[in-house]
Amino acid sequence: MADCTKKGGIDCTLQISHGNGCIAMVVGDKVMNTNSGASKDEAAQKGIRMCRSEDKNCKVYYAECSLPVRTN
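None of the values given here were measured: they were computed from a predicted structure.

About the cut-offs
Residues numbered from 1 in each chain as written. Predicted model: local features only at pLDDT ≥ 70, side-chain atom pairs only at ≥ 80, totals over all residues. Heavy atoms only, no water. Helix = DSSP H or I, 4+ residues; strand = E, 2+ residues; numbered from the N terminus. Buried < 20%, exposed > 50% of the residue type's maximum accessible area, 1.4 Å probe, protein only. Areas by Shrake-Rupley, 256 points an atom, 1.4 Å probe, with all protein chains shown as cover. Lys, Arg positive; Asp, Glu negative; His and termini not counted. Charge placed at Lys NZ, Arg CZ, Asp CG, Glu CD. Polar contact = N/O pair within 3.5 Å; in protein donor to acceptor, adjacent residues only side chain to side chain. Contact = heavy atoms within 4.5 Å. Pairing = 2+ DSSP bridges.

Draft legend 1. Quick look at the overall build of the protein chain. A tally of helices and strands in the protein chain yields two helices and three strands. For the protein chain, the N- to C-terminal ordering of α and β elements is α-β-β-α-β. Expressed as lengths along the three principal axes of its C-alpha atoms, the size of the protein chain is roughly 45 × 30 × 15 Å. For the protein chain, the residues scored as buried account for 22% of the 72 residues in total. Split by element, the accessible area of the protein chain, about 5400 Å² in all, is 51% carbon and sulfur. Between the mean site of the 10 positive side-chain charges and the mean site of the 8 negative ones, the protein chain shows a separation of 4 Å.

The structure is reproduced here in structure tokens:
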């Protein structure tokens, strides 16, 4: 949320959260989507495929991974 407002956003909303994994936000000329995956690349590729099915000029706007959480 802070990143959105810092970049000039005025109607910022939470689109996806993550824990023990990775997320990516992909934007095209008209659409935006968020996806998750085991890596930044996996999340980004899923988003790019989804975007290209509806739009063009699709780019990864943001990708990040959370720190792994040990479960035993």
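Now, onward.
Draft legend 2. Seen up close, the side chain of Asn35. For Asn35, the location among the structural elements is in strand 2 (residues 32-37). Of the polar contacts made by the side chain of Asn35, one reaches the side chain of Asn33; its length is 2.8 Å. Other than its neighbours up to four places away in sequence, Asn35 contacts Ile16, Cys22, Ile23, Ala24, Ala43, Lys46, Gly47 and Met50.

Draft legend 3. A look at the side chain of Asn33. Here Asn33 lies in strand 2. Classification of Asn33 by relative accessible area gives buried; the value is 9%. A distance of 3.2 Å separates a polar atom in the side chain of Asn33 from the backbone oxygen of Gly47. Contact partners of Asn33, with chain neighbours within four places excluded, come to Ala24, Met25, Val26, Gly47, Met50 and Cys51.

Draft legend 4. Broad picture of the pairing of strand 2. Here strand 2 shows one buried face, formed by Asn33, Asn35 and Gly37, and one open face, formed by Met32, Thr34 and Ser36. Direction of pairing for strand 1 (residues 22-27) relative to strand 2: antiparallel, over a ladder of six bridges. In the strand pairing of strand 2, Ala24 is matched with Asn35. Counting the residues in the hairpin turn of strand 1 and strand 2 gives four residues.

Geometry only, nothing functional implied.
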